[in-house]
Amino acid sequence: MEKNIILSQSKTDNVKSPLNLIETVCKPFEKLRQYYSDVLEEEVSYGRMWRLINAQLAFVAAVFPVEAPLTARAVCTAWLICALLKCRR
């Protein structure tokens, strides 16, 4: 008994240009920047967005590790203070 397999050729739409790839990668960051702009009710730049993310990560690192050594918590608290001061400027 002979079995025939039909192979279909896919379109070349899966090949993306470098510009299209950059737009795809940057799209979530643009949405996050827009979210911060909506919450703060003013336009937020990418630099300010990254400072806000840094402050949030510092807060999580300083507050949530309950069983972390005291020195690690002190370092994370210093990171949080520096991040908040950068956001304030």
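Higher on the page you've got the structure.
Reference entry: report on the structure contained in this document.

Analysis parameters
- Residues numbered from 1 in each chain as written.
- Predicted model: local features only at pLDDT ≥ 70, side-chain atom pairs only at ≥ 80, totals over all residues.
- Heavy atoms only, no water.
- Helix = DSSP H or I, 4+ residues; strand = E, 2+ residues; numbered from the N terminus.
- Contact = heavy atoms within 4.5 Å.
- Areas by Shrake-Rupley, 256 points an atom, 1.4 Å probe, with all protein chains shown as cover.
- Axes fitted to C-alpha atoms, helices over the stretch in contact; angles between N-to-C directions.
- Parallel < 35°, antiparallel > 145°, perpendicular 65-115°, else oblique.
- Left-handed = near helix turned anticlockwise from the far one by under 90°.
- Nonpolar A, V, L, I, M, F, W, Y, C, P; charged D, E, K, R; others polar.
- Salt bridge = Lys/Arg side-chain N within 4 Å of Asp/Glu carboxyl O.
- Phe/Tyr/Trp six-rings, centres within 6.5 Å; stacked < 30°, edge-to-face > 60°.
- Lys NZ or Arg CZ within 6 Å of the ring centre and 35° of its normal.

Let's talk about the overall build of the protein chain
Across its full length, the protein chain carries 3 helices and 0 strands. Ordered by position in the sequence, the α and β elements of the protein chain form the string α-α-α. Expressed as a percentage of contacts within the protein chain between residues at least 6 apart in sequence, the contacts between residues at least 24 apart total 22%. For the protein chain, the accessible area works out to roughly 7900 Å², and carbon and sulfur atoms hold 63% of it.

Notes on unusual backbone geometry
Despite not being glycine, Glu41 has its phi angle at roughly 55 degrees, a positive value. Within the element layout of this structure, Glu41 appears in the loop between helix H1 (18-40) and helix H2 (46-63).

Some thoughts on the packing of H2 against helix H3 (residues 70-88)
Following both chains from N to C, one finds H2 and H3 inclined at 155 degrees, their axes separated by 8 Å at the closest point. Between H2 and H3, the interaxial angle falls into the category roughly antiparallel. In terms of crossing hand, the pair formed by H2 and H3 is left-handed. Together, Arg51, Leu52, Asn54, Ala55, Leu57, Ala58, Phe59, Ala61, Ala62 and Val63 of H2 and Arg73, Cys76, Thr77, Trp79, Leu80, Ala83, Leu84, Lys86 and Cys87 of H3 make up the contact between the two elements. Along the lines of polarity and charge, the residues of the contact of H2 with H3 split into 14 nonpolar, 2 polar and 3 charged.

Regarding the pattern of salt bridges
For the coordinates displayed, the defined rule picks out 3 salt bridges. Between Glu43 and Arg33 there is a salt bridge; the shortest N-O distance is 2.4 Å. In this pair, Glu43 sits in the loop between H1 and H2 while Arg33 sits in helix H1, placing the two residues 10 residues apart along the sequence. Across the salt bridge formed by Arg48 and Glu42, the nearest N and O atoms sit 2.4 Å from each other. Bridged by salt links that share partners, the residues Glu30, Arg33 and Glu43 form one connected network.

What about the packing of aromatic side chains?
If you walk through the whole model with that rule in mind, you get 2 aromatic pairs. Summarising the aromatic geometry, the rings of Tyr35 and Tyr36 are spaced 6.0 Å apart at their centres and angled 50 degrees between planes, so their arrangement reads as tilted. The side chain of Arg33 reaches across the aromatic face of Tyr46, ending 5.4 Å from its centre.

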